[in-house]
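Architecture at a glance
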Number of protein chains: 2
Amino acid sequence: MNYTYHMVTIDFANEAAAICDTLTEAQDALSRELLDRIAGKWPLWVLNVLAENGGPLRFSRLHERVDGISQKVLTQTLRHLERDGLLTRTLYPQVPPRVEYELTPLGRDFLLQVMPLWRWVAEHIQTFENARRQFDQAR
Amino acid sequence: MNYTYHMVTIDFANEAAAICDTLTEAQDALSRELLDRIAGKWPLWVLNVLAENGGPLRFSRLHERVDGISQKVLTQTLRHLERDGLLTRTLYPQVPPRVEYELTPLGRDFLLQVMPLWRWVAEHIQTFENARRQFDQAR
DNA sequence: CAGGATCCGGTCCGATACTG
DNA sequence: CAGTATCGGACCGGATCCTG
């Protein structure tokens with residue numbers, strides 16, 4: 001029992017140390033920005049819509065499906081995700097112009113990696129709500 | 001080949017839809033805040049130090065090991081993590097006062113869930129750097 | 001020792017107006 | 001249609017000073 005506890009603890013230490021050691025300071029900052037993509041309100045939502053759709057989507061269709069986002073923030077979000085290589089932006093020079101966004105393989109991989117964590121948090125949401133309620137009442 | 005692609009796509013849709021459907025709007029916001037804990041600069045670092053240590057740590061020891069954090073932000077970070085039930089705060093009413101912070105089982109679980117994603121991002125950091133470089137040069 | 005109070009500069013966001 | 005440009009307000013982290 002105690003043994004198991006210590007094993008888990010030591011695993012953490014090794015794992016975290018191993019990850020930190022392989023990264024330069026710049027890379028560490030970059031990895032934090034990438035993790036930030038899943039915390040922000042919109043990026044994960046946008047990626048999900050594209051994944052659900054299963055193919056390219058125009059700006060306006062995206063704007064419809066990501067409810068509540070302003071067009072400015074949607075543009076920013078798409079630029080960030082494009083810069084990180086998670087989706088592609090294709091401009092068709094027509095009048096009126098047409099622009100299509102599509103998930104890259106890296107973007108799909110990213111979603112695959114995020115899902116388990118998201119699912120875990122969703123499954124334990126009650127536990128977290130209880131913890132907060134208890135903390136807030138203790139004031 | 002194409003078949004596999006569609007399977008993966010459909011898996012995403014199902015997965016994401018399933019998660020979203022089970023959450024109220026408030027719970028959705030809460031889950032985003034929790035994911036935010038791993039994106040912020042300090043929370044994951046603090047949890048890691050506690051995990052590495054394997055036992056309770058005083059405020060000042062924590063402050064030493066989380067290099068660069070201000071005492072104000074460390075206090076804020078610890079309050080948030082305590083509120084979310086990821087660590088405990090124990091005050092020993094002495095003079096001078098002593099306060100110890102320790103990971104909860106939920107906190108350890110949380111770290112366990114986050115590690116795979118963190119590792120994946122670290123492993124693909126080069127890919128992301130290349131994507132950014134390419135994007136930035138295309139301007 | 002641990003952390004509350006305060007001020008301050010940077011960032012993010014929505015709203016609005018305009019354009020190829 | 002799909003943006004860019006701009007402005008004002010809200011929020012957040014950092015540094016500094018103070019206290020039971």
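Residues numbered from 1 in each chain as written. Chains lettered and ligands numbered in written order. Predicted model: local features only at pLDDT ≥ 70, side-chain atom pairs only at ≥ 80, totals over all residues. Heavy atoms only, no water.

Quick notes on the protein's contact with DNA strand C
The criterion, for reference: Residues are classed as near a molecule or strand on a simple rule: at least one heavy atom within 4 Å of it. Two N or O atoms form a polar contact when they lie within 3.5 Å of each other; inside protein one atom must be a possible hydrogen donor and the other a possible acceptor, and for residues adjacent in sequence the pair counts only when both atoms belong to side chains. The numbering of helices and of strands both runs from the N terminus, where a helix is a DSSP run of H or I of at least 4 residues and a strand a run of E of at least 2. Three residue categories are used. Nonpolar comprises Ala, Val, Leu, Ile, Met, Phe, Trp, Tyr, Cys and Pro, charged comprises Asp, Glu, Lys and Arg, and polar comprises the others, including Gly.
Taken together, 17 residues lie near DNA strand C, and Lys72 and Val73 of chain A together with Ser60, Gln71 and Arg89 of chain B sit nearest. One of the side-chain nitrogen or oxygen atoms of lysine 72 of chain A is found 2.2 Å away from a base oxygen of DNA strand C. Take arginine 89 of chain B: an N or O atom from its side chain is 2.4 Å from a phosphate oxygen of DNA strand C. The biggest single contributor to the surface near DNA strand C is helix H5 (residues 71-83) of chain B, with four residues. Each residue belonging to the surface near DNA strand C can be placed in one class, and the counts come to seven nonpolar, five polar and five charged.

Structural notes on the relation of the copies chain B and chain A
Using the following cut-off: What sets the superposition is a least-squares fit of C-alpha atoms, and only residues with pLDDT of at least 70 in both copies go into it. Contact between two residues is taken to exist if any of their heavy atoms lie within 4.5 Å; hydrogens are not considered.
Mapping chain B onto chain A calls for a rotation angle of 180 degrees and an axial translation of 0.0 Å; the resulting RMSD is 0.1 Å. Such a combination of rotation and displacement between the chain copies is what one expects of a two-fold axis. Of the residues that chain B buries at the interface, 98% are likewise interface residues in chain A, meaning the two copies contact each other through the same surface.

Describing the packing of aromatic side chains
So the rule is basically this: Ring pairs shown here join Phe, Tyr and Trp side chains whose ring centres sit within 6.5 Å, with only the six-membered ring taken for Trp; geometry is labelled stacked below 30 degrees between planes, edge-to-face above 60, and tilted in between. Burial classes follow relative accessibility: with a 1.4 Å probe on protein chains only, a residue under 20% of its type's maximum area counts as buried, one over 50% as exposed, and anything between as partly exposed.
Applying the stated rule across the entire model yields six aromatic pairs over all chains. On the basis of an interplanar angle of 50 degrees and a centroid distance of 6.0 Å, the ring pair of phenylalanine 110 of chain A and tryptophan 120 of chain B is categorised as tilted. Remark: tryptophan 120 of chain B occurs in helix H6 (residues 105-123) and phenylalanine 110 of chain A occurs in helix H6 (residues 105-123); the pair is interchain, linking two chains. Residue phenylalanine 110 of chain A shares its accessibility class with tryptophan 120 of chain B, and that shared class is buried.

What about the sheet that holds strand S3 (residues 98-103) of chain A?
Backbone hydrogen bonds hold the strands of a sheet together, and the pairing may be parallel or antiparallel. Residue and element names in this part refer to chain A. Applied cut-off: Pairing between two strands requires that DSSP report at least two bridges joining them.
Here we have three strands laid out as an open sheet, ordered S1-S3-S2, and antiparallel in their pairing. Of all strands in the sheet, those bounded by a partner on one side alone are strand S1 (57-58) and strand S2 (87-92). As paired elements, S2 and S3 share six bridges and run antiparallel to each other. In the strand pairing of S3, threonine 88 is matched with glutamate 102.

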